[in-house]
Amino acid sequence: QSVLTQPPSVSGAPGQRVTISCTGSSSNIGAGYDVHWYQQLPGTAPKLLIYGNSNRPSGVPDRFSGSKSGTSASLAITGLQAEDEADYYCQSYDSSLSGDAVFGGGTQLTVL
Amino acid sequence: QVQLQESGPGLVKPSQTLSLTCTVSGGSISSGGYYWSWIRQHPGKGLEWIGYIYYSGSTYYNPSLKSRVTISVDTSKNQFSLKLSSVTAADTAVYYCARNSYASPFDYWGQGTLVTVSS
């Protein structure tokens, strides 16, 4: 059971917009810890996609955006492309666990 | 550009100790400011943080694994290591090493190494 809750799967057609939610609690996201998002393509290591709730590392297309409100966060992908098919994970920290890192269970994105 | 590379046995027998090393290049562990982490992923499952170490040797472990985990650092070799004792089949996973700083994202990852626990 992951500390952060994500939907197991989402899907969308090419060109569409999809969102992935990440729900936490008052001891992690709600405590003010930033949320970070990772993209994991099949057979590869996770890659940092969004950091500090809404910031994109260099090289990440602006089709990817993140937001945070209260005890939840969201990742939005616009103009969906076939290459976006991957697993997506949110990550934060938890004050009830001595500031330990916590992950969401992951969301599998299928491009129809 | 910081790079991390995991190394170690891909097969470990039940009840034995899993040992992995992460070699860091392109940056010095002893320069400070970063935590050096181990994260694992069971086959077909999500990511699980195992623990991290600071260059000074301070460690932080996932409470669910704390009794079996030891993370150490060798600044002279620019490496950090993971030992997980009394392994079972449930410890079969891809193990990643990664870098983060306080309350910040894991910005660099190793490619991961599959460790299978089987007799």
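First, a word on what this report is: a plain description of the structure on this page. Each chain has its residues counted from 1, running along the sequence as written. The naming scheme follows written order: chains are lettered A onward, ligands numbered 1 onward. The predicted nature of this model means local features are confined to residues of pLDDT at least 70 and side-chain atom pairs, given and counted, to a pLDDT of 80 or more, with totals for whole chains, interfaces and linings taken over all residues. Side-chain figures throughout are based on the complete set of non-hydrogen atoms in the structure, without hydrogens or water.

### Describing the state of the cysteines
Residues and elements named next belong to chain A.
Moving on, step 1. The rule for a disulfide is simple: a pair of cysteine sulfur atoms within 2.5 Å. Using the criterion set out here, one finds two disulfides over all chains in the structure.
Moving on, step 2. At a sulfur-sulfur separation of 2.1 Å, the disulfide partner of Cys22 is Cys90. Handedness here is read from the sign of the S-S torsion; for Cys22 and Cys90, about 75°, the answer is right-handed. Here Cys90 lies in strand 7 (residues 86-94) and Cys22 lies in strand 2 (residues 18-23), a separation of 68 residues in the sequence. Runs of E in the DSSP output that reach at least two residues are strands. Runs of H or I that reach at least four are helices, and both are numbered from the N terminus.

### With respect to the nonpolar core
Moving on, step 1. Throughout, nonpolar core names a set of buried Ala, Val, Leu, Ile, Met, Phe, Trp, Tyr and Cys residues whose side chains join them through atoms within 4.5 Å. Throughout this description, buried means an accessible area under 20% of the type-specific maximum (1.4 Å probe, protein chains only), exposed means over 50%, and partly exposed covers the range between. Grouped together as the largest cluster of nonpolar side chains are 25 residues, with contacts concentrated most on B:Leu4, B:Leu18, B:Trp38, B:Val69, B:Phe80, B:Leu82 and B:Tyr95.
Moving on, step 2. If you list the elements that add at least two residues to this core, you get strand 3 (18-25), strand 4 (35-41), strand 5 (47-54), strand 7 (69-74), strand 8 (79-84), strand 9 (93-100) and strand 11 (113-117) of chain B.
Moving on, step 3. The biggest single contributor to this core is strand 3 of chain B, with four residues.
Moving on, step 4. Residue contacts are counted whenever heavy atoms from the two residues lie within 4.5 Å of one another. In this structure, B:Tyr95 is in contact with B:Glu6, B:Leu18, B:Leu20, B:Ile39, B:Arg40, B:Ile50, B:Leu82, B:Leu84, B:Gly112, B:Thr113 and B:Val115, ignoring residues within four places of it in sequence.
Moving on, step 5. Listed in part, the 22 residues of the second largest apolar core include A:Ile20, A:Ile29, A:Leu80 and A:Tyr88.

### So, the interface of chain A and chain B
Moving on, step 1. In this assembly, 18 residues from chain A lie in contact with 22 residues from chain B.
Moving on, step 2. Here's the idea: put two parts together, see how much 1.4 Å probe accessible area each one loses, and the total over both is what we call buried area. Interface area for chain A against chain B, summed over the two sides, is near 1500 Å², with a carbon-plus-sulfur share of 63%.
Moving on, step 3. For chain A, the biggest contributors to the area lost against chain B are A:Pro46, A:Tyr93 and A:Phe103; these three give 33% of the whole.
Moving on, step 4. Of all the secondary-structure elements, those providing two or more residues to the side of chain A that touches chain B are strand 3 (36-40), strand 7 and strand 8 (100-103) of chain A.
Moving on, step 5. Note that Gly is not counted as nonpolar here; it falls among the polar residues with everything else outside the nonpolar set of Ala, Val, Leu, Ile, Met, Phe, Trp, Tyr, Cys and Pro and the charged set of Asp, Glu, Lys and Arg. The residue makeup of the side of chain A that touches chain B, split by class, is eleven nonpolar, six polar and one charged.

### Some details on the sheet that holds strand 8 of chain B
Residue and element names in this part refer to chain B.
Moving on, step 1. When DSSP finds two or more bridges between a pair of strands, those strands are recorded as paired. Pairing within the open sheet is antiparallel, and its four strands lie in the order 1-3-8-7. Of all the strands in the sheet, just strand 1 (3-7) and strand 7 have a single pairing partner and so form its edges. Strand-to-strand twist in this sheet, taken as the mean axis angle between neighbours without regard to direction, amounts to 20°.
Moving on, step 2. Where strand 1 meets strand 3, five bridges bridge the pair, whose relative direction is antiparallel. Residue pairing across strands places Glu6 opposite Cys22, the latter belonging to strand 3. Angles here are taken between N-to-C directions and fall from 0 to 180 degrees, while the axes themselves are lines fitted to C-alpha atoms, restricted in helices to the stretch in contact.

### A word on the pattern of salt bridges
Residue and element names in this part refer to chain B.
Moving on, step 1. The term salt bridge refers to a side-chain nitrogen of Lys or Arg lying within 4 Å of a carboxyl oxygen of Asp or Glu. Counted by the stated rule, this structure contains five salt bridges over all chains.
Moving on, step 2. Where Arg68 meets Asp91, a salt bridge forms, and the shortest distance between an N and an O atom there is 2.9 Å. Residue Arg68 is found in the loop between strand 6 (59-61) and strand 7, and its partner Asp91 is found in the loop between strand 8 and strand 9; the two are separated by 23 residues along the sequence.
Moving on, step 3. Here Arg99 makes a salt bridge to Asp107, at a shortest N to O gap of 2.7 Å.
Moving on, step 4. Residue Arg99 is classed as buried on the basis of its relative accessible area, which comes to 9%.

### As for the sheet that holds strand 5 (residues 64-69) of chain A
Residue and element names in this part refer to chain A.
Moving on, step 1. Read from one edge to the other, the open sheet built from three strands follows the order 2-6-5, with strand pairing classed as antiparallel. Looking at which strands have only one partner, the edges of the open sheet turn out to be strand 2 and strand 5. Strand-to-strand twist across the sheet, computed as the mean angle between neighbouring axes with direction ignored, equals 20°.
Moving on, step 2. As defined by bridge partners, strand 2 adjoins strand 6 (residues 72-77) across six bridges and the pair is classed as antiparallel. Considered in strand 6, the bridge of Ile20 is made with Leu75.

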